[in-house]
Structures are given as C-alpha cells and as structure tokens.
Amino acid sequence: MGRVSPLAFAVYWLSMANTSKTKAKSSLSSPARPRVAIAIMAAGKGTRLKSKHPKVLHEVGGKPILAHVIATAKKVVPAKDIFVIIGHEAELVREALAGTGVNFVVQAEQRGTGHALMVARAAFSGDKYDQVVVLSGDAPLITAETIRKLSDFHAAQKAAMTLLSADLDNPYGYGRVIRKGGRVEVQAIVEEKSATPRQKNIREINSGFYAFATPALYEHIDRLSTANPHGEYYLTDMAEVLHRARKKVVVIKTEDASEVLGSNTRAEMMMLDVRLRLTKCRELLDEGVTIFYPHTCVIDSDVEVGADTVIEPFVQLLGNTKIGADCRIRSYSVIANSILGDRVTVRPGTIMEDSRVGAGAVLGPYTHMRPGTEVGEGAHLGNFVETKKIKLGKGSKANHLSYLGDAEIGEGVNVGAGTITCNYDGVKKHKTVIEDGVFIGSDSTLVAPVKIGRGAYVAAASCITEDVPADALALGRARQSVKEGWARAKRESRR
Ligand code: UD1
Ligand code: CA
C-alpha cells in the first residue's frame, strides 16, 4: 500500500471492518424448505501458492482455510449433509478435518470444478436432496447468512442454477457473469482466459458459490466439455449448458464483495488473514474488550475474551485460548491454547502454551509457561521463570529466574530466586512435591524425586536430594569458612 503512516494504517485497518451486519437468521427451518446438501470443493492443488502443502490446509485467522468454510456450512445444514470433495493430498486433508463430522468424497484426478461435482454424483443424485449448494474450499469469508440468502433465492426463483456474484474493482482472474440483457437471468460465465476484451471490462464476477436444483445439475452435467484453455471441466459452463437447455439460470449479488474473496496466491491469503483477524478484533471490541493498536495483534478466530479485559499492542492470542474478564494482557505476550480466569495480569513478554491460570494471578514479565502449567488463584510467576507440567497452588509465588518442571507445589509456597527442580536424570523425568506453606531459599536445587513437607524451610543455595519432613529446616550446602586478613595479605604481596 505504498508509504503510509502507522496512524493512517490503523485508521484504515479499523475502517475496513464494517461489522454492523444483521445476524438475522432466515427461514432454513420453515416447513416448505427444500432438502439442502452442501458441497465444498477442496480437491485442487493450489499451484499458484508454490507450496508442498494442500491449499485448503493453509491457515488464515489461525486455522485451515477449509475449516472456516466447514464451520460456516455447519451453521446452515447438519454435518451429515455436507460433502467435502478432496483430491490433492486427500488423506492429509481428511485427517486434519475428520473431527468436523462431515463427509468426504475423493476426486482422485482433479480435472476441474465441473469434474468435482461429477465425482460427487452418487452423494447428491437420487432422491435425497432437492438442492445442492456449492462452496469453494478456498474462500473462507463466506457467511452463513449469505449462504442462506443464496439458497432461499434459488428456491424462490425455482431456478436450475443460481450463482452468487459480486462487483469487484479489480475483477482480474475471476469468471465474469454474462447477464441476459442486464436481467436476473444469466446466459453464461466466461473465465478470464477465455474472455474477450469487452467481457474483461465486466466487473461483476462469479464468486464460485452456487445453488443447483439436483435433478437439473445431474441431468445435464455430462454435457460439460474440456474444450477450454485449461482443458478442464468447468462448473461455470453449467450456466451456458442449462441456459441452452432452456433451464432457468439466475444470479444474486452479494452486498459485501469481500465475502467471496478466494486465496489463489499468498498475497490474497494474507489479505484474508488480515480481514479475519480484523473482524475478530471488531467482535471483541463490540463485546467490551479493549484492544490498543488492534492491527498489531494476532487473535485467532476461536479465541474468547471477557469484558473489560485490556489487550495491549503486539499481543498474540492463539488457538482455543479463553481469557476471563478484567484481565490485562501486556505487550509481546504470546498465549496459545490456554485458559485464564478473571483479573489475571500478564506482564510483557510472557509465553504460554496449554496452560491454565486461576483468577487474580500475576504472570511475567518474561515468564515461559510450557504445556501443563496450572497456576492457582492469586499465584505469581515472575521474571524469567520457566515452567512445565506443574501445579502451583493458591497464592504461591515463584518470582525470579527459576525452572520448575514436573512439580506439585501447594498453597502459600514461596519459591526463592533461582530455584531449580532437577527433574531429569538423563533417562527419566521425576516429580518434585512441595507442600503448603513451604519456603524455598534462593538458588536451591531440588533433585527429584523429592518431597518437601508442609511448612518446612530450605536454606538458600541448598542442594536437596532427600525428602524434608514437615516443619524442618534443611541445609544442603558447604559450611562457610572465613579467613581473616587473607585479602589484605594477598594485595600486599603483589606490591
Ligand atoms: C473459480 C471459477 C471462477 C470464479 C472463481 C471464484 C471455475 C472454472 N472458475 O476459479 O469463475 O470466479 O472460482 O473464486 O470454476 N477444485 C476441485 N477440483 C478440481 C479443481 C478445483 O475440487 O478439479 C476446487 C479447488 O480446490 C478450489 C475450488 O475448487 O477450492 C475452486 O478452484 P480454483 O482452481 O481455485 O478456481 P478458480 O480459478 O479460482
Ligand atoms: Ca480459487
């Protein structure tokens, strides 16, 4: 976008999201509803991405592109009526999305979008569905509302094919919609490579989303040919095929053109990512979360944040993270798949993964919480403390320069600066148990397996290799010896 000041960019970024969309649900459940199936085309390789990974598994907004499309489809019909057409790296795609409960149809050879629907014939023909809505697995911004509008419009028009279109300022690369004398009826869709210069001036593009009357689609789909620059069966040609067969082909235009954007190139994909994250930030702002400089934050689509929580610049909230109300997440913190209670303070530079934090806890700056860290209510983990698979009880503190791994630490414990749990003997990991009210002096090493009993003291700089009984004092260090005058004598001998 050329040279733009940070402020101008922030303003532009926020203004891009006009999320005052009505979330009204239309009538998919009304009695006269046709029986609708959804096909998601996701078999293509994504050559233009220059990637070894299948296009639909590339992530935007923190999850695979295809996962967004499936999640949206599931808001419209149940998973059993969703059929994802996979082909390139089919097993990888199936594995990544098996948890969604949808059906998969394999298009072993990818001979075009028309061919994808030919391969899925068995799923849709027969008498099960009146209507097939076709979505593109590489266009994740489509909303359930727009899918319902497309489906309802198709039913109301009693059309054989309805395509969703959009006006784009730069229609390059998309199929162009050729309307019949400017009416709702469509004569054909012309792909970029086949378009005449005059057709290329048309700004109304084919979004790649359609609704078909199932019988009309499968009675005529075999008329598609591969006589085009790509040598593929184009689903877009169904417009002309059905029009010629005197079937009704109509078009409905989206109000929000950004919903149909696809991800054929990395640049397009990053634009989608920006939009998804922006929309996410707008949703959170609407829910009462403060986000300073939202364009610097990376917040994944499924993250939840409670009201009055403040998120400072350059924060990343990833995966299935849930953050309570009245928290403060300070700059440069990266929180993945973690659950934080209310009133938690996360100071700058804290890194957290697969962890749980109780209400009122204070973390950071620069705390590294690795998977399995459980922090109790009001507990503190401070500067340069690394944790892994530990339980830190209510009100306990480890504020400075420690490594705590495979440890169960009770309530009201003070872990002194520089304390290390020696959990690994080179072969196995062992556990350290520190009971309630224990005081561990600074620079102690606790060689696991070891247990420090309730209320005990460990003297600073101790190396503890044996269990310490409750209420005892353990010293595990060399006794100090002092040689009077030694330093002075050394200095004088140097003269
Ligand atoms: C397609 C449309 C174009 C429309 C654009 C909107 C065709 C011929 N053209 O072009 O009019 O403007 O979408 O984004 O349909 N796929 C399969 N099997 C195949 C080929 C593709 O499942 O054999 C899948 C791809 O994985 C992808 C989707 O179909 O998810 C669309 O294919 P793509 O190659 O991206 O089509 P476009 O060139 O974008
Ligand atoms: Ca595409």
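Going by the structure above, here's the rest.
Structural notes, computed from the coordinates. All of these numbers come straight from a predicted model, not from anything done at the bench.

So, how was this worked out
- Think of each chain on its own: its residues are numbered from 1, step by step along the sequence as written.
- Whichever chain is written first becomes A and whichever ligand is written first becomes 1, with later ones labelled in order.
- At least 70 in pLDDT is required for a residue's local features to be given in this predicted model, at least 80 for side-chain atom pairs to be given and counted, and no such filter applies to totals for whole chains, interfaces and linings, which use all residues.
- Excluded from the side-chain calculations are hydrogens and water; all other atoms, namely the structure's heavy atoms, are used.
- Geometry of aromatic contacts follows a simple scheme: Phe, Tyr and Trp rings, the Trp one being its six-membered ring, pair when their centres are within 6.5 Å, and the pair is stacked under 30 degrees between planes, edge-to-face over 60, tilted otherwise.
- For each residue, the accessible area found with a 1.4 Å probe, counting protein chains only, is set against the maximum for its type, and the residue is called buried under 20%, exposed over 50%, and partly exposed in between.
- By the criteria applied, helices consist of DSSP H or I runs no shorter than four residues and strands consist of E runs no shorter than two, each listed in order from the N terminus.
- Here, over-ring charges are defined by two tests on the NZ atom of lysine or the CZ atom of arginine: distance to the ring centre within 6 Å, and angle to the ring normal within 35 degrees.
- Any two strands between which DSSP finds at least two bridges are classified as paired.
- The path from the first strand over the helix to the second decides the hand: if it runs clockwise while the strands point away from the viewer, the crossover is right-handed.
- Only a single heavy atom is needed: when it lies within 4 Å of a molecule or strand, its residue is near that molecule or strand.
- Distance and chemistry together define a polar contact, namely a pair of N or O atoms within 3.5 Å, with one atom able to donate a hydrogen and the other to accept it when in protein, and with adjacent residues in sequence counting only for side-chain atoms on both sides.
- The protein chains shown are the only cover counted for residues, whose accessible areas, like all others here, come from Shrake-Rupley with a 1.4 Å probe.
- Note on residue categories: nonpolar means Ala, Val, Leu, Ile, Met, Phe, Trp, Tyr, Cys or Pro, charged means Asp, Glu, Lys or Arg, and polar means any other residue, Gly included.

The next subject is the packing of aromatic side chains. Within this structure, the stated rule accounts for seven aromatic pairs. Centroid distance phenylalanine 124 to tyrosine 129: 6.4 Å. Interplanar angle 65°. Geometry classified as edge-to-face. Look at phenylalanine 124 and you get buried, because its relative accessible area is 0%. Plain terms: the ring middles of phenylalanine 314 and tyrosine 332 are 5.6 Å apart, the flat faces sit at 15° to each other, and that makes the pair stacked. Of the two residues, phenylalanine 314 sits in the loop between β15 (310-311) and β16 (316-318) while tyrosine 332 sits in the loop between β18 (328-329) and β19 (334-336), which places them 18 residues apart along the sequence. Residue classification places tyrosine 332 among the exposed residues on the basis of a relative accessible area of 54%. Of the aromatic side chains, those joined through ring pairs into one cluster are Phe83, Phe124 and Tyr129. Above the face of the tyrosine 424 ring, lysine 429 is positioned so that its terminal group lies 5.2 Å from the ring centre.

This part is about the pairing of strand β1 (residues 36-42). With seven of seven residues buried, β1 lies mostly within the body of the structure. Burial of the side chains of β1 extends over both faces: Val36, Ile38, Ile40 and Ala42 are buried on one face and Ala37, Ala39 and Met41 on the other. As judged from the six bridges shared by β1 and strand β6 (residues 131-136), these two strands associate in the parallel manner. Along β6, the bridge assignment pairs valine 36 with glutamine 131. Here β1 pairs with strand β4 (residues 82-86) via five bridges, running parallel. Looking at the pairing, isoleucine 40 lines up with valine 84 of β4.

Bringing the sheet that holds strand β34 (residues 439-440) into the picture now. Pairing between the strands of a sheet is mediated by backbone hydrogen bonds and can be parallel or antiparallel. The strand order β12-β15-β18-β21-β24-β27-β29-β31-β34-β37-β39 describes an open sheet built from eleven strands, whose pairing is parallel. A single partner strand is all that each edge strand has here, and the edge strands are β12 (290-291) and β39 (473-474). Strand direction decides the pairing type here: strand β27 (residues 380-383) and strand β29 (residues 397-400), joined by three bridges, are parallel. Directly across from leucine 381, in β29, lies its bridge partner alanine 398.

Along any regular strand, the residues point their side chains to alternate faces of the sheet. Across the five residues of β4, five count as buried, placing the element largely inside the fold. Residues Ile82, Val84 and Ile86 of β4 are buried on one face, and the alternating residues Phe83 and Ile85, pointing to the opposite face, are buried as well. In this structure, β4 lies alongside strand β5 (residues 103-106), joined through four bridges in parallel fashion. Bridging from a neighbouring strand, isoleucine 86 pairs with valine 106 of β5. Running through helix α3 (residues 90-97), the crossover from β4 to the neighbouring parallel element β5 is right-handed.

We now examine the site of ligand 1. Lining the immediate environment of ligand 1, one finds 23 residues, of which Gly44, Gln107, Thr113, Glu191 and Asn206 sit closest. At 2.9 Å, a backbone N or O of glycine 175 approaches an oxygen atom of ligand 1. Within the side chain of asparagine 264, one N or O atom sits 3.4 Å away from an oxygen atom of ligand 1. Here ligand 1 loses 90% of its free accessible area of 760 Å² to cover by the protein chains. Listing elements by their share of the shell around ligand 1, those giving two or more residues are β1, α4 (113-119) and β10 (204-213). For the shell around ligand 1, the residue count by class is six nonpolar, twelve polar and five charged.

Shape descriptors only; they carry no functional weight alone.
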